[in-house]
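Inside the fold
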Amino acid sequence: MTDLTADQDAVRRYLCDLAPDARLMTVHLGKTKDDMLDHQTMPVAVKTLCEELVAAACLLSHMLKFDGEMILQIKGSGPITMMVAECSSEGRIRSTAQWSDIGDASTFENLVGTGYLAVTVDPRQGERYQGIVPLESGSISGCLNHYFENSEQLDTKLWLASNQSTVGGLLIQRIPEEGGQSLQEYSNWETLSTLANTITDHELASDAGPLLIYKLFHELDPRSFDPWTIEFGCSCSKERSARALRALGEIELKQLFAEQPQLTLDCHFCGQVYQYDQADLEWLLSDQPPRSDTLQ
Ligand SMILES: [Zn+2]
């Protein structure tokens, strides 16, 4: 392990020579999470949860290694009614939330109330898969660990923590035995789990990278692999944004344009503004993509 710093916004993978039946992953996000939320004015408590949710999406996206989007969505009855975080297979993240007056709510339970966390795997080809877990476990990591316990075949556990400038995550997973060959005699899974449980929020938030992995697991000979870089990016477009208008139907859409010459839709994720006028009405009512000169 040569490069020990966690200053790069990335997901990293590790294997331990003395725990061959386990894989480890960390995620560390600093500037990227700020880029992601900079244009959204959020209370700190909402921002913190968005950051942790997106860190988890990064870990899950890289764990499953599929071509498409990993989407984590919270629907709650508390001041935060909706929160979503996405990570694409290219390492592009985005997140947003809807909330009302959060008052002095500060705990996860008080902020989100009751509801569920949905884990959606949205591949570019093939079927979408969604699993849900109730918001009963006191934190995002608690809900996801509950989700893993109920739905995963593999032992998987994750930890998340954030401070003002960075968010970090750790995920450990037991690798299935291959070809029926038992790895049991070399197993150090229990040792690895026990060591992982000693991690502090402070360490995880500020330093989720090779140095932390070495500090925690040095007796198991960890090795790190090339980092997977994470950056902020939004997949919105005028065409995608138009779906909301199309969903209104022809009569209502014509009525709207009759009342106002220009309709404006903002992308909640990135702040991009899309404008539609009478000239767009024809393609909005057809299945055609927008005229190229109106693309923004
Ligand atoms: Zn956007």
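Here, the structure is the one placed above.
The structure reproduced in this document is the subject of the present report. (Residues numbered from 1 in each chain as written. Predicted model: local features only at pLDDT ≥ 70, side-chain atom pairs only at ≥ 80, totals over all residues.)

A few words now on the overall build of the protein. Across its full length, the protein carries ten helices and 14 strands. In terms of its C-alpha atoms, the protein occupies a principal-axis envelope of roughly 75 × 45 × 35 Å. The buried share of the protein, reckoned over its 296 residues, is 35%. Taking contacts inside the protein between residues at least 6 apart in sequence as the whole, the part at least 24 apart equals 65%. (Helix = DSSP H or I, 4+ residues; strand = E, 2+ residues; numbered from the N terminus. Buried ≥ 20, exposed ≤ 12 C-beta atoms within 10 Å, placed from the backbone. Contact = placed C-beta atoms within 7 Å.)

Counting residues in hydrophobic clusters, the biggest one holds 66 residues, and the most contacted among them are Leu53, Val54, Ala56, Ala57, Cys58 and Leu59. At eleven residues, the largest contribution of residues to this core is made by helix 2 (residues 44–64). Residue contacts for Leu53: discarding those within four places in its chain leaves Leu72, Met83, Ala85, Ser95 and Ile140. (Core = buried A, V, L, I, M, F, W, Y, C linked by C-beta atoms within 7 Å.)

What follows covers the sheet that holds strand 12 (residues 231–232). Spatial strand order, 7-6-3-4-5-12: six strands in an open sheet with mixed pairing. One side of each edge strand has no neighbouring strand; the edge strands of this open sheet are strand 7 (129–134) and strand 12. As paired elements, strand 3 (residues 68–76) and strand 6 (residues 115–123) share nine bridges and run antiparallel to each other. Looking at strand 6, one finds that Gln73 is bridged to Ala118. Strands in contact with helix 2 are strand 3, strand 4 (80–88), strand 5 (92–99) and strand 6; relative to strand 4, the strand with the most contacts, it is inclined by about 35°. (Pairing = 2+ DSSP bridges. Axes fitted to C-alpha atoms, helices over the stretch in contact; angles between N-to-C directions.)

Right, let's talk about the environment of Arg13 for a bit. With respect to the element layout, Arg13 can be found in strand 1 (residues 10–16). Counting along the chain gives 197 residues from Arg13 to Pro210, while the straight-line C-alpha distance between them is 9.2 Å. Filtering out sequence-adjacent residues up to four positions away, Arg13 remains in contact with Arg23, Met25 and Phe225.

For strand 6 and strand 7, the ladder comprises six bridges, and the chain directions are antiparallel. Bridge pairing in strand 7 places Val119 opposite Gly131. The loop that links strand 6 with its antiparallel partner strand 7 comprises five residues; one of these, Gly126, has a positive phi angle of about 100°.

Our focus in this paragraph is unusual backbone geometry. Although it is not a glycine, Lys65 adopts a positive phi angle of roughly 45°. Structurally, Lys65 can be placed in the loop between helix 2 and strand 3. Of the residues examined, Lys65 has 8 C-beta atoms within 10 Å and is grouped as exposed. Phi is positive for Asp221, close to 55°, though the residue is something other than glycine.

Take helix 4 (residues 140–151) next. Here helix 4 spans 16 Å end to end across twelve residues, near enough to the 16 Å set by a 1.5 Å rise per residue. The set of residues buried in helix 4 consists of Ile140, Ser141, Cys143, Leu144, Tyr147 and Phe148. Seen from one end, helix 4 has its buried residues packed into an arc of 160°, which puts them on one side. Along helix 4, the residues that are exposed and aim more than 90 degrees away from the buried face are Glu149 and Asn150. For helix 4, the elements touching its buried residues are helix 2, strand 6, strand 7 and strand 8 (156–162). (Expected span 1.5 Å × (residues − 1). Arc of directions from axis to C-beta.)

The subject of this paragraph is the pairing of strand 13 (residues 262–266). Of all five residues making up strand 13, only zero are buried, and the element is barely covered by its neighbours. In the sheet, strand 13 pairs with strand 14 (residues 273–277) via five bridges, with the strands oriented antiparallel. Counted as the bridge partner of Thr264 is Gln275 from strand 14. Joining the antiparallel neighbours strand 13 and strand 14 is a turn of six residues, in which Gly271 adopts a positive phi near 85°.

All right, on to the environment of Met83 then. Here Met83 lies in strand 4. Given 25 C-beta atoms within 10 Å, Met83 falls into the buried group. Once residues lying within four places of it in the same chain are set aside, the contact partners of Met83 are Leu49, Cys50, Leu53, Ile74 and Ala97.

Moving on, we get to the environment of Ser95. Assignment of secondary structure puts Ser95 in strand 5. What makes Ser95 buried here is the crowd of 26 C-beta atoms within 10 Å. Through-space distance from the C-alpha of Ser95 to that of Glu250 is 31 Å; in sequence the pair is 155 residues apart. If sequence neighbours within four positions are ignored, Ser95 has contacts with Met36, Leu37, Cys50, Leu53, Val54, Val84 and Ala85.

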